[in-house]
Each structure stands twice: as C-alpha cells, then as structure tokens.
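# Reading the structure
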Amino acid sequence: MSRRNLLAAALIAPLLLLVTLSFLVPLGATLYRAVDDSEFSTTLPRTTALLRAWDGKDLPPDAAFAAIVEELRTAQQNQEAGAVLSRLNFEETGLRSLLLQAARASARLAPPVKDSLIALNPRWGEPELWRLFKRATGPWTSLYLLRSLDMRPTDKGIVHAGAEDAVFLPLFWRTFEISLIVTVICALLAYPVAYTLSILPQGWANAGMMLVLIPFWTSILVRTTAWFIILQREGPINALLLAFDIVNQPLTMIFTRFAVYLAMVHVLLPFAILPLYGVMKGIKPDYMRAAASLGAPGWRRFLRIYLPLTMPGVAAGSLMVFMLSVGFYITPALVGGSGDQMVSYFIAFFTNTSVNWGMAAALATLLMAMTALLVIVARLIVPGFRSGNVKV
Amino acid sequence: MAGTVPSAPARKLSAGRLALALVTALILLFLVAPIVVVFPLSLSSGELLVLPAPGYSLRWYEDFFTSSRWLSATWNSFVVGIATMILATLLGTLAAFGIFLGRFPGKALLLAILSLPMVTPVIVTAIAMYFSLSLVGLGSTLTGLILAHTVLSVPFALLTVLASLQTFDQNLLRAAASLGANPAIAFRRVVLPLIAPGVATGALFAFATSFDELIVALFIASPGQFTLPRQMYAGLREFLSPTIAAAAVLLILFSVLLLALNEFIRKRAQARGASPSGPTA
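Keep in mind that this is a model prediction, so the values were computed, not measured.

Counting its regular elements, chain A contains 19 helices and two strands. Computed over its C-alpha atoms, the radius of gyration of chain A comes to 29 Å, more than 25% above the 21 Å expected for a compact globule of 392 residues. Of the contacts made within chain A by residues no fewer than 6 positions apart, 71% connect residues no fewer than 24 positions apart. If you sum the accessible surface of chain A, you get close to 17,700 Å²; carbon and sulfur atoms cover 65% of it.

Residues and elements named next belong to chain B. Confidence in the prediction of chain B, expressed as mean pLDDT, is 86, and 92% of residues score 70 or more. Confidence, read as mean pLDDT per element, is least for helix H8 (residues 170–178) in chain B (84) and greatest for helix H3 (residues 68–101) (95). In the predicted structure, residues 275–281 sits below a pLDDT of 50 and forms 26 contacts with residues beyond four places in sequence or in another chain.

It is worth spelling out the nonpolar core at this point. Counting residues in hydrophobic clusters, the biggest one holds 175 residues, and the most contacted among them are Leu268 of chain A together with Leu165 of chain B. Among the elements that take part in this core, helix H14 (residues 257–281) of chain A stands out by supplying 17 residues, more than any other. Apart from the residues within four sequence positions on either side, Leu268 of chain A is in contact with Val182, Cys186, Val321, Leu324, Ser325 and Phe328 of chain A. In terms of nonpolar packing, the next biggest core, distinct from the first, is built from 28 residues, Leu44, Trp54, Ala75 and Leu109 of chain A among them.

Considering the arrangement of structural elements, one finds Arg223 of chain A in helix H12 (residues 220–230). Within the buried core, Arg223 of chain A has no salt-bridge partner, and the shortest N-O distance to an opposite charge, that of Asp212 of chain B, equals 7.7 Å. Excluding anything up to four places from it in sequence, Arg223 of chain A contacts Pro215, Phe216, Thr218, His266, Val267 and Pro270 of chain A together with Ile35 of chain B.

In this complex, chain A contributes 88 residues to the contact, which on the side of chain B involves 88 residues. The contact between chain A and chain B buries some 7,900 Å² in all, and 80% of this surface belongs to carbon and sulfur atoms. Applying the counting rule to chain A against chain B returns zero salt bridges. At the boundary of chain A with chain B, the tally comes to eight residue pairs in polar contact (both at pLDDT 80 or more). With 18 residues, the top contributor of residues to the side of chain A that touches chain B is helix H1 (residues 3–32) of chain A. In the side of chain A that touches chain B, the residues fall into 60 nonpolar, 20 polar and eight charged.

Conventions adopted
- Residues numbered from 1 in each chain as written.
- Chains lettered and ligands numbered in written order.
- Predicted model: local features only at pLDDT ≥ 70, side-chain atom pairs only at ≥ 80, totals over all residues.
- Heavy atoms only, no water.
- Helix = DSSP H or I, 4+ residues; strand = E, 2+ residues; numbered from the N terminus.
- Rg over C-alpha atoms; globule rule 2.2 N^0.38 Å.
- Contact = heavy atoms within 4.5 Å.
- Areas by Shrake-Rupley, 256 points an atom, 1.4 Å probe, with all protein chains shown as cover.
- pLDDT = per-residue confidence, 0-100.
- Core = buried A, V, L, I, M, F, W, Y, C linked by side-chain atoms within 4.5 Å.
- Buried < 20%, exposed > 50% of the residue type's maximum accessible area, 1.4 Å probe, protein only.
- Lys, Arg positive; Asp, Glu negative; His and termini not counted.
- Salt bridge = Lys/Arg side-chain N within 4 Å of Asp/Glu carboxyl O.
- Buried area = accessible area lost by both parts, 1.4 Å probe.
- Polar contact = N/O pair within 3.5 Å; in protein donor to acceptor, adjacent residues only side chain to side chain.
- Nonpolar A, V, L, I, M, F, W, Y, C, P; charged D, E, K, R; others polar.

This is how it looks when you write it as structure tokens:
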C-alpha cells in the first residue's frame, strides 16, 4: 500500500469503526432476530435433540414426551420458560396454556408419560402439534417474516390469512398509499412555489426562500406539535370556523387521516421545493425564448420544454419525500387515529408494548427492503440522485 | 420564464401570473402559518390553548424556565448536541479527507456504507440501538444517546466536508509538501482553512440533527436523560399544557438562529469565493 493510501486508511478507520460497531453490527443483529429461532432449543435442549432426530411421521419417540414435560417444569421453576411459551403461543394461540397445564401436572403424570399426557389433553396425541414443535427447534424460522406478510407456515406449506384476518399487508398498503398521496400533493404544491421563487427578483426570491427554510429547519416534532395544537376541538381552526358561522359545531380534525395528510405535507413540502428550485434556477431562459421565437404558444412551451427540463427536480424531490414518508412515525402517532398508523408505529409497538422482537425485526426488515428498493429505483431513474443532498 | 415572451417591451401582469403569485403566496402561508400561530398561543394568560387568548402574559415561559423537568431536558439536549457535534465533525472531517486523499477502488461503496445511517428509516436505527446499547450497558445513559446521535449525524458532516473538498486544488498539498510541511501541518495550515465553511456547515447539521432527534431518544432515554423533543413528546401525551407551546416557540426561535448561522457561513464562503455547497440545496 502506498504511503498516501496508508494515511487515507488511517483517517477513514475511526469513522468506519464507529459505523461498523455502533450501526452495522447492531442493525445486523436486530434484523437477524427476524429469522432467529432459538427459544425452543435454548430452553428445551434435550427435547430439541430428540425432535431433530425424529422423522416427523406419526408421533415422536416416547422419550420426547418425557423430556418436554421435565424440561418445561424445570424451566418454569427457574422462571426461564417465558420466552419459549411466548414464541410458541405466537405461532398458535392456546399453546401457552397447553404447555403450562403439562408443566403443572408433570409430577402427577404416571409413566408412561406419553399415555398420561394424551389422557391429560388429547392434543398431545396429534402429530401436527409435534411437527410444529420440530419446526420451532430452529435455528431459523420464516414465521415472523411470513406473519408480516399475513401468511403462516404449516405442515402442508404456507397458508394465506383470509381477507378479514389480514393485518400487515393492509398496513404496508396503507403506508404506501399515504406516502404516495403525500408525495403527489407535495410535488403539486412545490412546483408553482419553486417556479415563482425562481423567476422573482433576487431580493423577493430570498425573502420567499426564508419562508421555506424556516419550516425546513424547525424540527418535525415542533411542527407536528403546532398542528396538534391547531387541530384540537377547541383549537384556533375550529374557533375561526365557528366565528364565521361556516360550521355550527366544532369539526373533529385531530386523530384523523386528514390531519395526517395535512401535517405530513407540511413537514415534507420543503424537501420537494428545494431540489426543484435548484433545477429551475439552472434553466437558461434561452430555451424558452427559442421556442417562443419559433412560434410555440405558452402552454406548449411549458409542456414540451419547461416541464421535461424540470422533471429531474420533480423526481429528486418526490423520491426524497416518498422515502421519508415511508418511515414516518412521530407525525401519524401524534395527529392520526388508530387506523392511520404506518409500519413504523407497529415496529415500535412490537418492540415496546407487545415485546415480540421477532415481529419488530421482521417488519423492520421489510421496511428496510422497501426503502432499499426505493433508493435503487431513485439511482436508476434520477441521474445524479444523492439521498444525502438534503437535511433530514 | 414559461409564461411570457421575455422580449415583450413591458412585462404585463397577466391573469395567469396573478393566479400563480396568489397560489404561491397561499402555499407559503400554509408553510409558515402553523409556526406563527404557536406564538400568540404561548403568550396566553389562560390555561387552555385557545385563540383569541383571554389575555397575554409570560407565565408559560416562566413555567418553562422554573420547571426542573424542562430545564434538565434543555441541559441534556445541549450536552448531547454539542458532544455529538464534536464527535461527528471530527470523525466526518478526517474520513472525508481520507476518502479525498486515497487512491483506491470502491470509494462509492465505502461512501454508501458510511452514509447508510442517513437512508435507514430512523425507527429501524432506533430499535437496533435500543437492543444493542442495553446489551453493552449503555441503555438509559447520555453516553449511549451521544453515540446513537453521532451515528445518525455523521453522514451529514462527512458529505458536507467531502463536497467542499471537491473544489480543493491538490497542487496546494504538493506545494506544502515541497516547502517541507508534513501531512498533519499541511492539513491544519492549508486544507482546513480552505474547507472551514464546509466543516462549519457539517458541524451545524450534526448539532441540529441531534438537537431535533426524537425517535432514538424515545427508545433509549429514561426520564433522567430526556432531551427537549423527548420531554415535549411526553408532555403532548400527558396533558396539553401551554408550556408546550412556549417550548415550541423557544425551539422555533433557536432553529431560526441556526438557520441564520448557516446562511452567514454560506454568505461568507461565497464572498471569499469558495463554495461550501452545504446540504441545504
């Protein structure tokens, strides 16, 4: 290595180390939880060994019945059974109580354990249950990723949830829909603003630009807070509408989809205006003059020349807005209702509230995939697209 | 100039132009109105956030500046913000100079990896931090928060400094070397003064990123480490007191100050002929 590259490596190393240790490794470990299936094999190692050796036909050997009961009881006594119980109960509701019943009865079960266990609960005699356990021995599972797509793994392959039980596909679709609508509105609003600012005399343009930059620099939370206050039932908008007799009772605006669109467009609009303004500033008036001298009417000059020339700005801004929208969490959580939440909300929910880290990781993986796809599309269709071009 | 023929003798104020100006004014109003409306609300003398306010007073600002919660949140925000700024600017500037100097393949990939925290949805970064920081004993600590914020804001410092290095003339380094300066001296005496606006812009962005960050703080800060956004979020969830409006106003004023600082750096750099080409488009 040349001295120059040695120096370069030494300069880059600290940052690379930081990003690797405190971002890439944690990120990888987190996303790995989406496929990790170690609860069963950690808590019930002997049962795991027996089930892995079993061919999956009929029932497992008698030793497996004795092993699972004994290991469950020990785990329960040491208060280590929680994780595996949650894991199995997530795959099939009711398994927690089935297993707890067996663990509690374990001391009373007369040998052979197999027959006593089936007598205790006939489910223990079903090969299907044991095949579920065998699948849970890991080390990997597709359970969480499939659940995030409203599917479930079973004996007979992958089963799709019915339309009424579907949760996550509608959630992804809603996230996509909200993001798309916000993006389109932002593009439509950004275009006239950027155009006007690009043709105004410098002093006016600078003043106008300040009105875009002040919201841009104000944090997302502060702006969402402003909407949260304004949209209240007793808030300023309702007061205004009532004062002018436009409505005779206050409108419900907070915790609605309307509020989500309003606040998200407000937060993201500057991201659409700024790149577009940059592109419009760079367009030489000569092109339009040439078109005019060739006799093209105004609308035609706009459609055939100006619009195509400004398209890169529209595309760059829109992709930025869309990419940010897809990951939105705070704004919908504060001003939206329960039916207006996006994927991020459920990642937070599974991390904190329902403590199902497999699901949190699976949803995070899919959200990452969605974003990565967008970045790739962005690089393909927008020449010179750099996601780092704007303050987030 | 889409709408007019610029060679026309006098610029007529056509109906189209008027409509365009009106639409622009309305959209700009939409952008600033919610920010402006918070000001009178925060000055209300009443307990409710209503307009017109029953009277005007500074009581909610007094509440902010005498509340131990808000004061501790302000302190935490500045500690974390300044520490993040120093770390991110230092690491980002060194790495940017390294990437600029190096003659090796795969620079684009390296840059993509280093700026990954910027394109990753923040919620994903937040849960990754939540799981791993508690594993190494840094959960619910300011150190953990600083580390997480540094990761989030370092790409801004890196890219800003890298952009300002694009206009840097490598011959200056050769000249410095021929005059006997070692790389460290050349960096400090020749490179740094020239890319200073870029470094300053990067530092400002790193600070602002940390100062405004909520989602990571939501996952890894306990009440003792609450920053201003985190305290504000907690307030919104509990009881909508006008103190929140006062806090919002203070944060808006602070953002305007940061914006002014950024514009100042840009103007000065322009006047000196160098372009910091900061991330503000």
